[in-house]
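One-letter residues, chain by chain:
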Amino acid sequence: EDPRAQKVMRQHWDTFLQPEHLDRLARFGVTHVRIPVGYWLFSSVYKVSDGFVAGGEAYLARALHWLQLRGMSAVIDLHAMPGGQTVNAF
């Protein structure tokens, strides 16, 4: 994997969602948060040859923990499947 891509994604994952964001949503009465994920997020199916950056699974777990602490839930949206984004994939 490209170390530059790893750095960019880790910076994104470290800053994109913070506990104070969830606190604000909870104050507005939000009870559920949609989290779109690609199949490559999960280490059990991830392959470097797919061209994505590994490592996001821990950040998803962190987000789910933060939601749980606030009595909130997540809707996990499997946003992409292997081959689903390419022409004539099926």
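Structural notes, computed from the coordinates. Here the structure is a predicted model, which means the values were calculated and not measured.

With that settled, the discussion passes to the pairing of strand β1 (residues 32-38). As paired strands, β1 and strand β2 (residues 73-80) are joined by 7 bridges and run parallel to one another. Of the residues in β2, the one forming a bridge with I35 is I76.

The geometry of an aromatic ring pair is captured by two quantities: the separation of the ring centres and the angle between the planes. As enumerated under the stated definition, the model contains 4 aromatic pairs in all. On the basis of an interplanar angle of 85° and a centroid distance of 6.1 Å, the ring pair of Y39 and F52 is categorised as edge-to-face. Taken as a pair, Y39 in the loop between β1 and α3 (57-69) and F52 in the loop between β1 and α3 lie far apart in primary sequence, 13 residues in all. On the accessibility criterion, F52 (29% relative accessible area) is partly exposed. On the numbers, 3.7 Å between centres and 10° between planes, the contact of W40 with F52 is stacked. Taken as a pair, W40 in the loop between β1 and α3 and F52 in the loop between β1 and α3 lie far apart in primary sequence, 12 residues in all. Relative accessible area serves as the criterion here: at 23%, W40 is assigned to the partly exposed category. Here the aromatic residues Y39, W40 and F52 are joined through ring pairs into a cluster of three or more.

Another point: the pattern of salt bridges. This structure, assessed with the given rule, holds 3 salt bridges. Across the salt bridge formed by R70 and D23, the nearest N and O atoms sit 2.5 Å from each other. You can see R70 sitting in the loop between α3 and β2 and its partner D23 sitting in helix α2 (residues 19-27), a full 47 residues away along the chain. Residue classification places R70 among the partly exposed residues on the basis of a relative accessible area of 26%. Across the pair D77 and R34 runs a salt bridge whose closest N-O atoms are separated by 2.7 Å. One end of the pair, D77, is in strand β2; the other, R34, is in strand β1, and 43 residues separate them in sequence.

Moving on, we get to the nonpolar core. One finds L22, V33, I35, V37, L41, L60, A63, W66, L67 and M72 forming the largest nonpolar core, which totals 10 residues. Listing elements by their share of this core, those giving two or more residues are β1 and α3. Sorting elements by how many residues they give to this core places α3 first, with 4 residues. Not counting chain neighbours up to four residues away, the residues in contact with V33 comprise L22, L25, L67, M72, S73, A74 and V75.

What counts, and where the lines are drawn
- Residues numbered from 1 in each chain as written.
- Predicted model: local features only at pLDDT ≥ 70, side-chain atom pairs only at ≥ 80, totals over all residues.
- Heavy atoms only, no water.
- Pairing = 2+ DSSP bridges.
- Helix = DSSP H or I, 4+ residues; strand = E, 2+ residues; numbered from the N terminus.
- Phe/Tyr/Trp six-rings, centres within 6.5 Å; stacked < 30°, edge-to-face > 60°.
- Buried < 20%, exposed > 50% of the residue type's maximum accessible area, 1.4 Å probe, protein only.
- Salt bridge = Lys/Arg side-chain N within 4 Å of Asp/Glu carboxyl O.
- Core = buried A, V, L, I, M, F, W, Y, C linked by side-chain atoms within 4.5 Å.
- Contact = heavy atoms within 4.5 Å.

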